[in-house]
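Each chain is listed here by its residues.
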Amino acid sequence: MHSIFEKLFQLKEKKTTAGTEIIAGCTTFLTMVYIIFVNPSILSATGMDKSAVFVLTCVITALATILMGLFANLPIALAPAMGLNVFFAYGVCGAMGYSWQVGMGAIFWGSLVFFALSLFKVRHWLIEHIPQCLRVGISAGIGLFIAFMGFQNMGIVVASPATLLTMGNILSLKVLLGSLGFFIIIILAARNFHAAVLISILVVTLLALWLDPNISYQGIVSMPPSVTSVVGHVDLAGSLNIGIMGVIFSIMIVSLFDSSGTILALTDKAGISDEKGRFPKMRQALLIDSFSSSLGGLFGTSSVLTYIESSAGISVGGRTGLTAVVVGILFLIVTFLSPLAHLVPTYATSGALIFVGILMVSSLVKVNWSDLTEATPAFITAIMMPFAFAITEGVALGFISYVILKAFTGKFKQLNLCVIIFAVLFALKFIFIDHH
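Scope of this entry: the structure provided in the associated data block. (Residues numbered from 1 in each chain as written. Predicted model: local features only at pLDDT ≥ 70, side-chain atom pairs only at ≥ 80, totals over all residues. Heavy atoms only, no water.)

1. What about the overall build of the protein chain?
Okay, so step 1: Counting secondary structure elements, the protein chain contains 19 helices and four strands.
Okay, so step 2: Since a compact globule built from 436 residues should have a radius of gyration of about 22 Å, the 21 Å found for the protein chain is in line with a globular shape.
Okay, so step 3: Summarising its shape, the C-alpha atoms of the protein chain cover approximately 65 × 55 × 45 Å along the three principal directions.
Okay, so step 4: Expressed as a percentage of the 436 residues in the protein chain, the buried residues total 56%. (Helix = DSSP H or I, 4+ residues; strand = E, 2+ residues; numbered from the N terminus. Rg over C-alpha atoms; globule rule 2.2 N^0.38 Å. Buried < 20%, exposed > 50% of the residue type's maximum accessible area, 1.4 Å probe, protein only.)

Have a look at this one:
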């Protein structure tokens, strides 16, 4: 067994051992296993079968992560992307009114474009030519959007006919338990406890089982339920209409920057990248990453991307793909715990959404706030996502405002063809598609 591990993962060359890699894999698994509860909770809001989404989340996560481990030899795990799953459920299916079948088709096409950009080496060109203020604005805006949904699911923010939004019943059970879960995450994360989100979900779920009459115990272990209610029902043809092209573009652009930035950060933390961000088997890693993204859309889990939680395993010594393979195997084992998906109430996962939102909004520190032509597009991009209840519109207004401000403040030379093309396309979308 040791010789097999050595041949596949070059443990000695990476200065690690099988034992260290297994511990690292278990650590990463514990930090990201919350997704098996959060993803079904979010996607079920569209009418998708919660049990089927639970199983598919486990299986697709396992497959993508094992592929990354075996073919790129990196200690990096992948899973359905937080942010894009919220955008899909509450933006595309909720606010825009598309069925989950059509919305998931848009996820697939956007991810397929993302894969093509990686395959034909356009990915780095786009990253280099889209300004940092827009990249940061997109990340922060998605964070605000996710946090807003967390507050709404918890019941802290509710609709109001007078003011659009208002404070909910702060003393209701779901608010109290949801808030408890949120503070558990923040306190544990501040103390560098890797499994903070998982602990929070478990504590709140146990309390809900005791206090909430709507929550009932249905067992823990069972054979994985059928996934036929989801697999094979994604509407690829129906999602290729002109009205949803903005959604497809948004999925592509978010996947591009989210995943690329995460991979670069993780390989740097592992000490395997050079000063330019290059690392061994980089092409394989980028292709697996983008291919997995389209796989997630095709099979109904939303876009699958690299998880920053992989840093937990890296921090305890994970340096090779064996770490990722261990993570994948553990997710396969979890498929036999599907009754837990129905046990976890929505408010038990709300704290995780708000926590992810905080982490994403923190990227705004990178904006040059003293330059209004940089600060304004970042602000508009970020703030319009929750205000317009749509990630696409935030991205569009950010690009358009950036071009206008640079063009009319004597900074036209700071524009490039990439940004101008995107701004024009978004403007045409508003004029000829949204107007009708």
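2. Focus: the packing of aromatic side chains
Okay, so step 1: This structure, assessed with the given rule, holds eleven aromatic pairs.
Okay, so step 2: With 5.2 Å between their ring centres and 65° between their planes, phenylalanine 182 and phenylalanine 183 make a pair best called edge-to-face.
Okay, so step 3: These aromatic residues form a ring-pair network of at least three members: Phe249, Phe399, Phe422 and Phe426. (Phe/Tyr/Trp six-rings, centres within 6.5 Å; stacked < 30°, edge-to-face > 60°.)

3. Notes on the pattern of salt bridges
Okay, so step 1: The tally for this structure, following the rule as stated, stands at four salt bridges.
Okay, so step 2: As a salt-bridge pair, glutamate 374 and lysine 406 come within 2.8 Å of each other at their nearest N and O atoms. On the criterion of sequence distance, the pair formed by glutamate 374 in helix H17 (residues 372-388) and lysine 406 in helix H18 (residues 391-407) is long-range, its members being 32 residues apart.
Okay, so step 3: Owing to a relative accessible area of 17%, glutamate 374 belongs among the buried residues under this scheme. (Salt bridge = Lys/Arg side-chain N within 4 Å of Asp/Glu carboxyl O.)

4. A look at the nonpolar core
Okay, so step 1: Ranked by internal contacts, the top residues of the largest apolar core, which has 111 residues, are Ile36, Phe88, Ile253, Phe331, Val395 and Phe399.
Okay, so step 2: Other than its neighbours up to four places away in sequence, valine 395 contacts Ile138, Phe249, Ile253, Thr381, Met385 and Phe426.
Okay, so step 3: If you look at the next biggest cluster of nonpolar residues, it comprises 18 residues, including Ile263, Ala270, Met282 and Ile314. (Core = buried A, V, L, I, M, F, W, Y, C linked by side-chain atoms within 4.5 Å. Contact = heavy atoms within 4.5 Å.)

5. Considerations on helix H2 (residues 18-32)
Okay, so step 1: Relative to the 21 Å expected for 15 residues at 1.5 Å per residue, H2 spans 21 Å between its end C-alpha atoms, a close match to the ideal helical length.
Okay, so step 2: Buried residues of H2: Ala18, Glu21, Ala24, Gly25, Thr27, Thr28, Phe29, Thr31 and Met32, and no others. (Expected span 1.5 Å × (residues − 1).)

6. Description of the packing of H2 against helix H14 (residues 321-334)
To describe two helices that pack against each other, one gives the angle between their axes and the distance between the axes.
Okay, so step 1: Direction vectors running N to C along H2 and H14 enclose 50°, while the axes themselves pass 7 Å from each other. Taken together, the axis directions place H2 and H14 in an arrangement best described as oblique. With respect to the hand of their crossing, H2 and H14 are arranged in right-handed fashion. Judged by residue contacts, Ala18, Glu21, Ile22, Ala24, Gly25, Cys26, Thr28, Phe29 and Met32 of H2 engage Leu322, Thr323, Val326, Val327, Leu330, Phe331 and Val334 from H14. (Axes fitted to C-alpha atoms, helices over the stretch in contact; angles between N-to-C directions. Parallel < 35°, antiparallel > 145°, perpendicular 65-115°, else oblique. Left-handed = near helix turned anticlockwise from the far one by under 90°.)

7. Some details on the pairing of strand E3 (residues 164-167)
Okay, so step 1: Sheet topology places strand E2 (residues 157-160) next to E3; four bridges connect them, and they run antiparallel. When the bridges of E3 are listed, valine 158 appears paired with threonine 166.
Okay, so step 2: What sits between the antiparallel neighbours E2 and E3 is a turn of three residues. (Pairing = 2+ DSSP bridges.)

8. A word on the environment of alanine 270
Okay, so step 1: Residue position: alanine 270 is located in the loop between helix H11 (245-269) and helix H12 (282-299).
Okay, so step 2: Remark: the alpha-carbon pair of alanine 270 and leucine 74, spanning 196 residues in sequence, is separated by 9.3 Å.
Okay, so step 3: With near-sequence residues (within four places) excluded, alanine 270 lies in contact with Ile314 and Arg319.

9. Section: the side chain of serine 41
Okay, so step 1: Mapped onto the secondary structure, serine 41 falls in helix H3 (residues 35-43).
Okay, so step 2: On the basis of relative accessibility, which here comes to 7%, the residue serine 41 falls in the buried class.
Okay, so step 3: Ignoring sequence-local partners within four residues, the contact set of serine 41 consists of Lys50, Thr346 and Thr349.

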